[in-house]
Amino acid sequence: MALLEVLKFPDPRLRKMSKPVDNVTEELVQFSKDMLETMYDFKGIGLAAPQVARLDRLIVIDTRRKGDDDRYNLDDMTELEKSVEQPLVVFNPVITFKEGKTTYDEGCLSIPSYYETVERFQLIELEGLNQKGEKIKFKTDGLLSICIQHEIDHLDGKLFIDRLSIIKSGRIKKQIKKHGYPERNTEDEEAVESEV
Ligand code: ZN
């Protein structure tokens, strides 16, 4: 297992299109495990391969929330979200159905300390391959649906700040390019809780 470096905006590698995975190799499975380890280390709930400088269509997600006692608290999850086994690792994820609208204050490990409200589809159906290379297909909503849409955007070189108004998006991008990011504060877990 290894911790990977997470690229930050405006790194140009975050803007590239990722390629479909032909074969779910042992090496790719190991890489997905490193991605999960990296995501947990940053207290993130999702990570896409291009965020760790690899242009393969691969996302890892775990939206289960932990309570104060460090045990999983599933009360805030929807029934559909609970029905999907997590952590979730998907190669070549494709949304085959989408319905409704929802909003959430999104963050991103590649844009640390910034949170903005983004509109997404409420319910989605996802198809892809699991770590065994088997086809998977499920419907989900809640935070898991939002997170999946956010991660697939990464595979297409898109960031959540691109989905804001032009004025807001421009202001944030300019601010980051000028001032960079605040130092990572590992004590402040609350602030990075929902970065994906
Ligand atoms: Zn992200």
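Given the structure is predicted, the values throughout are model-derived calculations rather than measurements. Within each chain, residue numbers correspond to sequence positions counted from 1 in written order. pLDDT decides what is reported in this predicted model: residues at 70 or higher carry local features, side-chain atom pairs at 80 or more are listed and counted, and totals for whole chains, interfaces and linings draw on all residues regardless. Water and hydrogen atoms were dropped before computing side-chain values, which therefore reflect all heavy atoms in the structure.

Draft legend 1. Quick peek at unusual backbone geometry. At the junction of Phe-9 and Pro-10, the peptide bond is cis and its omega measures out at 10° in the coordinates. Note on conventions: DSSP H or I runs of at least 4 residues are helices, E runs of at least 2 residues are strands, and numbering of each starts at the N terminus. Following the sequence through the fold, Pro-10 ends up in the segment before α1 (26-41). In this model, Gln-86 is joined to Pro-87 through a cis peptide bond whose omega is 0°. Tracing the sequence through the fold places Pro-87 in the loop between α2 (79-82) and β5 (88-106). The residue Lys-43 is not glycine, and still its phi comes out positive at about 60°. Turning to its location among the elements, Lys-43 is positioned in the loop between α1 and β1 (46-48). Three labels apply to residues, based on accessible area from a 1.4 Å probe with only protein chains included: buried if under 20% of the type maximum, exposed if over 50%, partly exposed otherwise in between. The partly exposed category is assigned to Lys-43, whose relative accessible area is 36%. One non-glycine residue, Ala-53, lies in the positive phi region at around 65°. Inspection of the secondary structure puts Ala-53 in the loop between β1 and β2 (58-61).

Draft legend 2. Up close: the packing of aromatic side chains. Any pair of Phe, Tyr and Trp rings, taking the six-membered ring for Trp, is counted once the centres come within 6.5 Å. Such a pair is stacked with planes under 30 degrees apart, edge-to-face with planes over 60 apart, and tilted for the rest. Overall, the coordinates contain one aromatic pair when judged by the stated rule. Each ring, one from Tyr-114 and one from Tyr-181, has its centre 6.3 Å from the other, and the planes form 80°; the classification is edge-to-face. Here the residue Tyr-114 occupies a position in the loop between β5 and β6 (116-129), and Tyr-181 occupies one in the segment after α4 (166-179), the gap between them amounting to 67 residues. Counting as a charge over the ring demands two things of the Lys NZ or Arg CZ atom: a distance within 6 Å of the ring centre and an angle within 35 degrees of the ring normal. Positioned over the ring face of Phe-31 is Arg-54, at 4.6 Å from the centre of the ring. Its guanidinium or amino end placed over the ring of Tyr-72, Arg-64 lies 4.2 Å from that ring's centre, counting from NZ or CZ.

No statement about biological role is implied by the geometric values presented.
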